[in-house]
Amino acid sequence: RKKERKKERKKMNESFSNEASSPVTMEEEGHYVVTAHKSGGVLLSTKCNFLGGDDTMEIIIAKSNRLEIRQYTTSTSPPSSPHLFPLLHTIPLNGRITSLTPLSYPSSNTSYLFCTTERFQYCVLSYNPSITPYPIQTHASGSLRNYGCAVMGGSGSATQSHASEGGPLVSLEPNYKCLALHLYHGFLTILPLNKAYDATKYKLKRQVGVHGGPLQDPFHVRLEERTILSMTFVECDCKKMPQLVLLHQDCRGFQHVSGHVVDIKGKKLLSSSSSSPQSSQSLDRKEGGESVPPSSDIFKKSKVDGGSSLLLSIPPLDKSSGGGGGVLIAGQTQLTYYHAAYGITKVYPMPPTLLLSFSFLTPTQSDVEEGSLRLLLGDEVGNLHLLLLSHQKNKVSSLHIQTLGNTVTSSTIQYLERGMLYVGSMFGNAQLLQILENPEHNSYLAQMEDYVNLGPIVDFDLVPTAHSGTGGRSQSQIITASGTSKDGTLRFVRNGIGMNPYASVEIYGIKGMWSLKKGGDDLKGNDVFLVQSFVGQTRILGVVEEEEEEEEEEEMEDVSQEQEDMSEDESEDESEGGGGGTLEEVTIPGFDSTTSTLYAGNVSVGHAYLQITKREIRLVHSGGVDDEEEALLDTWSPTPQEHMDSMESMITVASANLSGQIVIALRGGTLLHFVVVMEDGIPKLKLVGQKVMEREISCIHLHPFSTGLGLDNNVMENDLMNVRRSAVVAVGLWDDFTVRLL
């Protein structure tokens, strides 16, 4: 049996070796994956002075795994960008962003950003223009999962199963003492901030708790509350310990509000709950130089509105009073304002709705005088509400709400300035809105700009287009069912080049447009004329400069010598920057404005203008000659000998280039080639070649190619302007789907 087994194994090995030695045809497929359209859904946003500019505020927008920095200028001067809310920077992050919190340090005049990701990573970022390609400096980074393993025990998968049901929650203490993070069920992480941090001295201290870093060692405390829905710090005196207020839900579905005093130096929570093991400790004592709030100031309210999901910190109108702030509990059927120290509870009933986002309005002088605080609230159906909290003697006396209009279903709202606000959404396009003083169509909102968001894509399909691409393959376009509820839309997506319009003017009947330079020896300057061809006529728009030299001279005579020198320097700077101009209708002597134009352009030979109409070719002087006869240098028109249609000979299409090469097509398919030459110092038209095609010519183009195309004399240099000529002309014929190079 052993011998038989050896023989069988030997046969198998021989068969395997024969198969391996035989040639096998293998087909290998390669895949290239690239993002055709970046995610447009807005998760979070915050407003801070991130770039450090004067009189400016930046809006930091979190979209999936990247941050967008947009800026709205609060000054009254018009913005330099045509967009009201321009995009300044885009910062990619390695992870899906779950929280975004601005931080402030005394050593820096700019704000820092504290970010967390879906996999419990964190980082502290700031703007540094000296760093390329992304001007972002990382001050601290790491993983919060390690802290969960230390507290919960077990591996990373075990801590993942104990993640909080309401998602990661982050709250910043108003005096920048600490951050509170609720990442795992039943635990709260307190992350103290190092106010003495200076980025210029500690550039490489990235780990949490490293001496001199932006963040100190965190500590973890156990929570008795079951399911945390929302949390926030209430504003209080900086000499007191911060108080964290929680909105939580018990096992029977009832929702409650409870407060905890955070003892940062003692690394523990102090609670007034009788069931708390820390209740025996006095809450009226002092620890570490910070006083503990009295028991009456600790927030505690049972069985609030059952649909509550949002807890907002309401700052005191007069912070010098020492009373601290309150909280606003946003429920589905009512808004509740609660202040523990004053014992105030104000309830405002409203129709059933779920509030998703909020933003505080910048208090105006009238708000301070009248004692009111305003904030915006966005609900699940896209309605935008304005909530007014009236104060009397620094205490909230009443709540009033008004619906401003309907927007996209918002995930975040940021009030900018001067009635402008940004509404970000996960369910539709983000919007830039303006609050109107008087309603239009029963709405106080006017949309200024919108920003594309294809998500969420519920379904999609590939539809081939009628146009074929390279190799006969047709490019497909994607039809997506985007958005949800009232924000649902059908989107047509095709890979290509997009263009953003900067300005538009409605002008009807335009058949063609060409730009002309001023002429003369320098043809590299800006275009100053815009030739527009209409049916039966031609119009020319010219750039008219605005000169105010006389007014400047009069102003300079009324000032002292010192101020005169300063004003001269300023006027020089303004002239270097360009004063601009306006487009007005002008006339160029020699141009025929009574017919349509087929081509117009500059010619380097003799620095002339070229106009080709259906009747003739016109070579026009560009030196500002006013007389029509003197301005017209040379003309050419079809004659009966050159075309079979007698006096009805017409030019159908035309093309030319800067070197003076001209190609026109006549009725019947005749192609003529002209060049502009100098005769006795005057540019003239010269016919150098012609060809009769088998069909009518539909289009021609004369471009100076820079590659050989297999021709020895492909490129020729013009002796006057060093302008490149073309050795071929592209010709297209009717009923012929080809392009011919002649």
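What you see is a predicted model, and the numbers here were worked out from it, not measured in a lab.

## Thoughts on the confidence of the model for the chain
Alright, step 1. For the chain, the average pLDDT comes to 80, and 77% of its residues sit at 70 or higher.
Alright, step 2. A low-confidence stretch, residues 204-210 (pLDDT under 50), is modelled with 22 contacts involving residues beyond four sequence positions or located in other chains.
Alright, step 3. The model gives residues 643-647 a pLDDT under 50, and that stretch makes 7 contacts with residues more than four places away or in other chains.

## So, the sheet that holds strand β30 (residues 430-435)
Alright, step 1. Across the sheet, 4 strands lie side by side as β28-β29-β30-β31; this open sheet has antiparallel pairing. Looking at which strands have only one partner, the edges of the open sheet turn out to be β28 (412-415) and β31 (445-451). Strand-to-strand twist of the sheet, defined as the mean angle between neighbouring strand axes without regard to direction, takes the value 20°.
Alright, step 2. Where strand β29 (residues 420-424) meets β30, 4 bridges bridge the pair, whose relative direction is antiparallel. Bridging across to β30, Y422 finds its partner in L432.

## Comments concerning unusual backbone geometry
Alright, step 1. Following T132, the chain continues into P133 via a peptide bond in cis, with omega recorded as 0°.
Alright, step 2. Tracing the sequence through the fold places P133 in the loop between β7 (121-127) and β8 (136-143).
Alright, step 3. The residue after G455, namely P456, is reached through a cis peptide bond having omega -10°.
Alright, step 4. As for its position among the elements, P456 is in the loop between β31 and β32 (457-468).
Alright, step 5. The phi torsion at F120 lies on the positive side, around 60°, for a residue other than glycine.
Alright, step 6. Along the chain, the position of F120 falls in the loop between β6 (112-117) and β7.
Alright, step 7. Residue classification places F120 among the buried positions, given a relative accessible area of 7%.

## A word on the pairing of strand β15 (residues 255-263)
Alright, step 1. Counting buried residues in β15 gives 9 out of 9 residues, a clear majority hidden from the surface.
Alright, step 2. The alternating pattern of β15 places Q255, V257, G259, V261 and D263 on one face and H256, S258, H260 and V262 on the opposite face, and all of these are buried.
Alright, step 3. Counted between consecutive antiparallel strands, the loop separating strand β14 (residues 243-249) from β15 contains 5 residues, among which G253 sits at a positive phi close to 90°.
Alright, step 4. Relative to strand β19 (residues 300-301), β15 runs antiparallel, the two sharing 2 bridges. Its bridge partner being in β19, S258 is matched across the sheet by K300.
Alright, step 5. Judged from the 3 bridges that link them, β15 and strand β16 (residues 268-270) form a sheet pairing that is antiparallel.

## A look at the side chain of T670
Alright, step 1. Turning to its location among the elements, T670 is positioned in strand β45 (residues 670-679).
Alright, step 2. Assessed through its relative accessible area of 10%, T670 is described here as buried.
Alright, step 3. Excluding its chain neighbours within four sequence positions, the residues that come into contact with T670 are I664, A665, K691, V692 and I697.

## Comments concerning a negative patch on the surface
Alright, step 1. Taken together, the side chains of D626, D627, E628, E629 and E630 define an acidic patch exposed on the protein surface.
Alright, step 2. Structurally, D627 can be placed in the loop between β41 (617-621) and α7 (628-631).
Alright, step 3. A relative accessible area of 37% places D627 in the partly exposed class.

## Things to note about the nonpolar core
Nonpolar side chains tend to gather and get buried jointly when the protein is soluble and globular.
Alright, step 1. Ranked by internal contacts, the top residues of the largest apolar core, which has 29 residues, are F591, L610, I612, I617, I662 and I664.
Alright, step 2. Once residues within four sequence positions are removed from consideration, I617 is found in contact with L610, Q611, I612, D634, T635, W636, I651, I662, I664, F674 and L685.
Alright, step 3. With 19 residues, the next largest nonpolar core counts F114, Y122, L172 and L179 among its residues.

## Concerning the side chain of S171
Alright, step 1. One can find S171 in strand β9 (residues 169-172).
Alright, step 2. A relative accessible area of 6% means that S171 is categorised as buried.
Alright, step 3. A polar atom in the side chain of S171 sits 3.3 Å from the backbone nitrogen of F233.
Alright, step 4. Those residues in contact with S171 that lie beyond four places of it in its chain are C178, L179, A180, M231, T232, F233 and L244.

Criteria and cut-off values
Residues numbered from 1 in each chain as written. Predicted model: local features only at pLDDT ≥ 70, side-chain atom pairs only at ≥ 80, totals over all residues. Heavy atoms only, no water. pLDDT = per-residue confidence, 0-100. Contact = heavy atoms within 4.5 Å. Pairing = 2+ DSSP bridges. Helix = DSSP H or I, 4+ residues; strand = E, 2+ residues; numbered from the N terminus. Axes fitted to C-alpha atoms, helices over the stretch in contact; angles between N-to-C directions. Buried < 20%, exposed > 50% of the residue type's maximum accessible area, 1.4 Å probe, protein only. Patch = residues over 30% accessible without salt bridge, like charges linked within 9 Å, V, L, I, M, F, W, Y side chains within 5 Å. Areas by Shrake-Rupley, 256 points an atom, 1.4 Å probe, with all protein chains shown as cover. Salt bridge = Lys/Arg side-chain N within 4 Å of Asp/Glu carboxyl O. Lys, Arg positive; Asp, Glu negative; His and termini not counted. Charge placed at Lys NZ, Arg CZ, Asp CG, Glu CD. Core = buried A, V, L, I, M, F, W, Y, C linked by side-chain atoms within 4.5 Å. Polar contact = N/O pair within 3.5 Å; in protein donor to acceptor, adjacent residues only side chain to side chain.

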